[in-house]
Amino acid sequence: MAEKWLWMLMPWRGCWSSRGKRDGQEEERHVRANDRDYNDKFPYADNHIKTSKYNVFTFLPINLFEQFQRVANTYFLVLLILQLIPEISSLSWVTTTVPLVLVLVITAVKDATDDYFRYKSDQQVNNRQSQVLRGNLQNEKWMNVCVGDIVKLENNQFVAADTLLLSSSEPYGLCYIETAELDGETNLKVRQALTVTSDLGADIAKLADFNGEVICEPPNNKLDRFTGTLYWRDNKYPLDNEKMLLRGCVLRNTDWCFGMVIFAGLQTKLMQNCGRTKFKRTSIDKLMNTLVLWIFGFLVCMGVILAIGNTIWEQKVGRSFSVYLLWDEPIRNNNVVFSGFLTFWSYIIILNTMVPISLYLSVEVIRLGHSYFINWDRKMYYIQRDTPAEARTTTLNEELGQVEFIFSDKTGTLTQNIMVFNKCSINGKSYGDVYDEFGHKVEITERTACVDFSFNPLSDRKFRFHDSSLVEAVKIEEPSVQEFFRLLALCHTVMPEEKNEGDLVYQAQSPDEGALVTAARNFGFVFRSRTPETVTLYEMGTAVNYQLLAILDFNNVRKRMSVIVRNPAGHIKLYCKGADTIIFDRLDPSNQDLMNTTSEHLYEFAGEGLRTLALAYKDLDENVLEEWMKRLLYASTVIENREEGLADLYEEIETGLMLLGATAVEDKLQEGVPETIACLTLANIKIWVLTGDKLETAMNIGYSCNMLRDDMSEVFIISGHTSSEVLQQLRSAKEHILGLSRVSSTADVEKTDEFSDDSVFEETIIAEYALIINGHSLAHALEPDLEQVLLETACLCKTVICCRVTPMQKAQVVELVKTNKMAVTLAIGDGANDVSMIKTAHIGVGISGQEGMQAVLASDYSFAQFRYLQRLLLVHGRWSYFRMCNFLFYFFYKNFAFTVVHFWFGFFCGFSAQTVYDQWFITLFNIVYTSLPVLAMGLFDQDVNEANSHRFPSLYRPGQLNLLFNKRQFFLCTLQGMGTSFLLFFIPYGAFCLAVSDDGSHISDQQAFAVTIATSLVIVVSIQIGLDTYYWTAVNHVFVWGSLAVYFAILFAMHSDGLFSIFPSHFPFIGTGRNCLTQKSVWLVIMLTTVACVMPGLAVRFLKTDLYPTLTDKVRCLQQASRKLRPQEQNLRRVRRTSSRRSAYAFSHQQGYGELITSGKNMKVTASTAGPSPPLSPSSPGRVHNSRSLIESTLKRKGETPVACVSAEAYGTSGTSEGNTRTQQTLMD
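Residues numbered from 1 in each chain as written. Predicted model: local features only at pLDDT ≥ 70, side-chain atom pairs only at ≥ 80, totals over all residues. Heavy atoms only, no water.

(A) Region of interest: the overall build of the protein. Scanning the protein for helices and strands turns up 46 helices and 37 strands. Across the 1229 residues that make up the protein, the buried fraction comes to 59%. Contacts in the protein between residues at least 24 apart in sequence constitute 76% of all its contacts with a sequence separation of at least 6. Carbon and sulfur atoms make up 57% of the accessible area of the protein, which amounts to about 50700 Å² in all. (Helix = DSSP H or I, 4+ residues; strand = E, 2+ residues; numbered from the N terminus. Buried < 20%, exposed > 50% of the residue type's maximum accessible area, 1.4 Å probe, protein only. Contact = heavy atoms within 4.5 Å. Areas by Shrake-Rupley, 256 points an atom, 1.4 Å probe, with all protein chains shown as cover.)

(B) Region of interest: the pairing of strand β22 (residues 525–530). Among the six residues in β22, six count as buried, and that is most of the element. Two elements, β22 and strand β23 (residues 534–539), share five bridges in a ladder whose sense is antiparallel. Each bridged residue has a counterpart across the sheet, and for Arg530 the counterpart in β23 is Val535. Counted between consecutive antiparallel strands, the loop separating β22 from β23 contains three residues. (Pairing = 2+ DSSP bridges.)

(C) Focus on the sheet that holds strand β10 (residues 235–239). The strand order across the open sheet built from four strands is β1-β8-β9-β10, with neighbouring strands paired in antiparallel fashion. At either end of the open sheet lies a strand with only one pairing partner, and these are β1 (29–32) and β10. Here the average twist between neighbouring strands, direction ignored, is 20°. Relative to strand β9 (residues 228–232), strand β8 (residues 213–216) runs antiparallel, the two being bridged by four bridges. Pairing of Cys216 across the sheet is with Gly228, part of β9. (Axes fitted to C-alpha atoms, helices over the stretch in contact; angles between N-to-C directions.)

(D) Region of the structure containing the sheet that holds strand β12 (residues 250–252). A sheet is described by the order of its strands in space; here three strands give the open sequence β7-β6-β12, paired in antiparallel fashion. Edge strands, defined here as strands with exactly one partner in the open sheet, are β7 (188–192) and β12. Strand-to-strand twist of the sheet, defined as the mean angle between neighbouring strand axes without regard to direction, takes the value 45°. Bridge analysis of strand β6 (residues 174–178) against β12 gives three bridges, and the strand direction is antiparallel. What sits directly across from Glu178, in β12, is Val250.

(E) Summary view of the packing of helix α21 (residues 673–682) against helix α30 (residues 868–906). Two elements in contact, α21 and α30, have axes separated by 9 Å at closest approach and are oriented at 25°. For the element pair α21 / α30, the angle class is roughly parallel. For the pair α21 and α30, the crossing hand works out as left-handed. From α21, Glu675, Thr676, Cys679 and Leu680 reach across to α30, where they touch Leu869, Gln870, Leu873 and Leu874. (Parallel < 35°, antiparallel > 145°, perpendicular 65-115°, else oblique. Left-handed = near helix turned anticlockwise from the far one by under 90°.)

(F) Structural context of the pattern of salt bridges. On inspection of all chains with the given rule, the structure shows 43 salt bridges. Two residues, Asp433 and Lys441, come together in a salt bridge whose shortest N-O distance is 3.5 Å. On the basis of relative accessible area, Asp433 is assigned to the buried category, the value being 12%. A cluster of three or more residues bridged by salt bridges with shared partners is formed by Glu483, Arg486, Glu539, Lys573 and Asp619. (Salt bridge = Lys/Arg side-chain N within 4 Å of Asp/Glu carboxyl O.)

(G) The UniProt feature "binding site: Mg(2+)" (unreviewed entry) in the protein, seen in detail. UniProt tags Asp409, Thr411, Asp830 and Asp834 as "binding site: Mg(2+)" (unreviewed entry). A maximum C-alpha distance of 10.8 Å is found for the annotated residues, which run over 426 residues; spatially they form one tight group. Inspection of the secondary structure assignment puts Asp830 in the loop between β33 (824–829) and α28 (835–840). Among the residues examined, Asp830 registers a relative accessible area of 0% and is labelled buried. Side chain to side chain, Asp830 and Thr413 meet in a polar contact 3.5 Å long. Counting through the fold element by element, Asp834 comes out in the loop between β33 and α28. Judged by its relative accessible area of 0%, Asp834 falls in the buried class. Sequence-distant contacts of Asp834, that is, excluding residues within four places in its chain, are made with Asp409, Lys810 and Gly829. (UniProt positions renumbered as here; feature names shortened; annotations may be inferred. Polar contact = N/O pair within 3.5 Å; in protein donor to acceptor, adjacent residues only side chain to side chain.)

(H) Main features of the packing of helix α26 (residues 787–795) against helix α27 (residues 807–820). Interhelical geometry of α26 versus α27 gives an angle of 80° and a closest axis separation of 11 Å. The orientation of α26 relative to α27 falls into the category roughly perpendicular. Facing Glu787, Gln788, Leu790 and Leu791 of α26, the residues of α27 in contact are Leu816, Val817 and Asn820. Here the contact of α26 with α27 is composed, by residue class, of four nonpolar, two polar and one charged. (Nonpolar A, V, L, I, M, F, W, Y, C, P; charged D, E, K, R; others polar.)

(I) Structural detail: the nonpolar core. With 96 residues, the main nonpolar core has Leu888, Tyr917 and Phe921 as its most contacted residues. Counting residues per element, this core draws most heavily on α30, which supplies 18 residues. Within the second largest apolar cluster, 53 residues are counted, among which are Phe463, Ala473, Phe484 and Leu613. (Core = buried A, V, L, I, M, F, W, Y, C linked by side-chain atoms within 4.5 Å.)

(J) Seen up close, the packing of aromatic side chains. The tally for this structure, following the rule as stated, stands at 62 aromatic pairs. Ring geometry for Phe898 versus Tyr917: centroids 5.2 Å apart, planes at 20°, classification stacked. You can see Phe898 sitting in helix α30 and its partner Tyr917 sitting in the loop between α30 and α31 (919–929), a full 19 residues away along the chain. Comparing Phe898 with Tyr917, the two get one shared label, buried. Ring centres of Phe908 and Phe985 lie 5.5 Å apart, and the angle between their planes is 40°; this geometry places the pair in the tilted category. Taken together, the positions of Phe908 in the loop between α30 and α31 and Phe985 in helix α35 (residues 967–994) put the pair 77 residues apart, joining distant regions of the chain. For Phe908, a relative accessible area of 38% corresponds to the partly exposed category. (Phe/Tyr/Trp six-rings, centres within 6.5 Å; stacked < 30°, edge-to-face > 60°.)

(K) Broad picture of the side chain of Ser848. Take Ser848: it is sitting in the loop between β34 (843–847) and α29 (854–857). Not counting chain neighbours up to four residues away, the residues in contact with Ser848 comprise Arg385, Thr387, Val856, Phe863 and Ala864.

(L) The arrangement of unusual backbone geometry in detail. Of note, the phi angle at Asn156 is positive, near 70°, even though the residue is not glycine. As for its placement among the helices and strands, Asn156 is situated in the loop between β4 (150–154) and β5 (162–168). In this structure, Asn684 takes a positive phi of about 65° despite not being glycine. Its relative accessible area of 32% is what places Asn684 among the partly exposed residues.

(M) Quick peek at a nonpolar patch on the surface. A cluster of nonpolar side chains, contributed by Ile305, Phe907, Phe908 and Tyr989, occupies part of the molecular surface with about 360 Å² of accessible area. By the element assignment, Tyr989 lies in helix α35. (Patch = residues over 30% accessible without salt bridge, like charges linked within 9 Å, V, L, I, M, F, W, Y side chains within 5 Å.)

(N) Representation of helix α32 (residues 931–940) in the model. In terms of burial, α32 is a largely internal element, eight of the ten residues being buried. For α32, the set of buried residues is Ser931, Pro933, Val934, Leu935, Ala936, Met937, Gly938 and Leu939. For α32, the elements touching its buried residues are α13 (357–375), α30, α31, α36 (1006–1028) and α37 (1034–1054).

(O) Inspection of the environment of Lys810 at higher detail. Position of Lys810 among the secondary structure elements: in helix α27. Judged by its relative accessible area of 1%, Lys810 is buried. Measuring from C-alpha to C-alpha, the distance between Lys810 and Val835 comes to 9.5 Å, with 25 residues separating the pair along the chain. Each residue touching Lys810, except ones within four places of it in the same chain, is listed here: Asp409, Leu690, Thr691, Val805, Asn833, Asp834 and Met837. For Lys810, the side chain forms a polar contact with the side chain of Asp834, separated by 2.7 Å.

(P) Quick look at the environment of Gly645. Position of Gly645 among the secondary structure elements: in helix α20 (residues 642–653). Looking at Gly645, the relative accessible area reads 24%, which means it is partly exposed. Spatially, the C-alpha atoms of Gly645 and Ala635 are 5.8 Å apart, while their sequence positions differ by ten residues.

(Q) Structural detail: the confidence of the model for the protein. Averaged over every residue, the pLDDT of the protein is 81; residues scoring 70 or more account for 82%. In this model, residues 740–761 is a region of pLDDT below 50 whose contacts with residues beyond four sequence positions or in other chains number 32 contacts. (pLDDT = per-residue confidence, 0-100.)

(R) Examining the pairing of strand β2 (residues 129–134) more closely. As paired elements, β2 and strand β3 (residues 136–141) share six bridges and run antiparallel to each other. In the sheet register, Arg134 faces β3, and the bridge partner there is Asn136. The pairing of β2 with β4 spans two bridges and is classified as antiparallel. Looking across to β4, one finds that Val132 is bridged to Val151.

Now the structure itself:
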């Protein structure tokens, strides 16, 4: 909450604009420190933010201009102007002015309110304080920070702009940052300043004299990459991303640091990565635009027909009346054709109510109501963080009921990015399960008793474990168990922080490492402190110092890490942890039986979706180690093939290992994720996971979520490094799915005859397939000549996982599906690296919580947990779509029934553009008599209740197929409306030709006729909306029957003596309503008209439901039948899958931290923390690593280091005995 302001500048998904400067086409950027005059020569953006559009003077003209960009508003403005011309208008200008002004005022108030909040957000961001060096340190507002300024950051402060790190309070210019605002990851990352600038320290004089010039890449959106050079004192120093602090990061565990601003404002990588803001419109909006054009064309056709009729009538009949009914001057001087021309425009005005402006107002009110229902939904409220669901837009609600593709991030979206030590296997015995007194396994819940760790004063109170037998094994000092936890406490790169005695905080480079070290801590092997040469443990309360001889660091190829230590007794041991497939191949043959037993446990752990590591050790001989260390020293200093040489030496010593056991860590999914995915899949929604994680991590989560299953027919892995390889793999996968025997050998990607229409196959494929594609392969697959093959293959698969993808690739994948499949897409994520994807999709959803607010503030909808997506789509989305479709169907029906009566009347009034109804009825029909009932239906109607919406996900299918309102449905509703208008006119007309009043006089005067038709119309449309409403509330009853009562009240009031005496010219027909509606024959005509209008539609509906019931009809019948009997709940339970996969390894770790530790550059060595240290031998690898710079090691491994914009989850292997065989037959290169 403290830093929500950072992204509050984008709550309306608008783009930032910088003050006074515009982006130029930069090829490279030149920035000189402490030299504003030099930097002002370039059009660099500053940090001033302006998202508001108006001020007091410009609001009215700009807002009106924007509103009249809408075709509908312009259309009604033209009609208003036409109504002001007496020669063609038979209606008062009030009939159009009132609703038009109402719409304009409501929209203007809404825009003004939104812009005021934007203005407040701008001010809040721009006025934040930052320390800037201007001769001395001064507090400056953020908006005054410019490129080239030297700024000071303090612990827990947000970085104001993209900054080059110059110096910090930590040794060697290191600092720690949290990038949750960028990528959703809460684990800390290390940044290091250049050695030459870290010497500046906090010396203000030296920093003020610093005049280095940075030449670097232009502004871009690559969060993981920065390339530049620092020129200072006639020397050049290379710069990379490891020396940059990006806007949105938070400084952690570092007292202070100084940096030089490189990019500011709109040009920061955070803002560049936000993607282009796109105006989002629903498919119904687009359809309505088409329908309005159709209606206008139909209106013109009717106007032409009536104009031609007027011309003919005036020519043949009208001349006979010209003696006593004089023609107007223009017609008298010209001819009857001009009369027809004027009549055409008159009928355009009269018939315009087929598309009344109240339609657009009603649509906005309904959407606003649906948005509030989402905001008020208690079942989408996350009480733990006091976070409700929020509809951040009011224009996309019905689109939620039509989603076909969901694109989801993983870290922070599907998972909590929290690792928990769950189970383990030690010396062939599995720990972690709980059994009752009969030996039956008990399901672990929150109520299950936890192990008592009170014997350990240094334990972590948040740690939970339920199997007490493991604690007992530790207490009785079982050797294998003690060695197991000793390995976990020693073999890692975690840094401890102990602010108070016993108050330990572990700063882990990856969350799973933190989980393992925390587990060892609770079981009595507490990692207390470390130096570059020692590690201090407290083993069951006793301090033990181990000499750290070497760290054999993790990388993506080795999939393991090892440490070599000497214990106080002088024994040297190598401790190793890694993927079981890797460790098992390096075990001593004597471990065969133990390996088989441990493998069975690993299969069980994998079946529960846990992430596993195998643990092993080896006793080393002093002489062998000394000789090996000499070769290691030499290999670490050579220039060529250094990495290969070190890898060979690591491989040599990591053989003949003795197996200790295995760990099982749970990458905690958010609550309800597997059930949600299962339910959405049943709704025929395809879910694609787009993640920056490594392959094995992504696959492991896929299995945990049940998106990947062992019973799938095939899991295709696309990992080609060239376009031709990727093409071949995609084609092979496609042909395998389609069952084609011939494999194409050509390199072109033109569609063959077999692949000419894959949409048929998508519906008929029974077997389930999964497609997993790496980021480098995806880059080739997204090329124009390959993207269609990628799309066709992916759409044939049940599950698609794209791993190691960049933020821009996420957006490209979404755009590919959005453009080519013509399907509604939804993107959901939680970090800045998801913003482009969220903005590209039709609907963007942000997960709010601990990971930051950037995705939320760029989204259309937000909530705290992934599981709420099920309710958002299957309940709110489906209801919104259903309600909007019913609303539109009924609205067009009633307005055609209301308006086309004028067309029929034209044939009986000499095509004179005379209206059937009086102008007050025309004005009030849509805004008073029929507005509230249709609004109530559009807001509250339900075809089935929410329980059945969840229980029967297939009910979602009609929205995806757009069945409830389309061009065919529009044609049917217009046909029904025209039929109703025909009956409304001709039944009263035929009856009044012969009818007489009770006293024998004729009642067929025009006003009585109008009252009869108007009354019949109001009753018919009220009954029709009653038949169309499936879910009645008190509001529906009040609005429907209340509108009828209001109609009669206004009718009698307008024909009363009182109004006539006040406005004699406006209400001249005294007593017409009373005289007409007191006649029995009139009520008989009204009843006959009502029955004739309603019965055909009712009969068709009955027969359709009885003979061809839809799933909705069946569920509704079931719902009605079970009202007295409580329906049996059918909850989706999490299914524990059984797995035969070889490994569930997935380790969130990256290379380079081993050398960082052994170099000592990331720690402050004090007497209180270092502890006694045995002397090191001259060949100690600690000195080997001390002699090598951190920059060298990290630069050379840059290609393997996880990037800042994606999750740091590491690679692992995820396959089975069968799965391995199957996967090897898939598309690996």
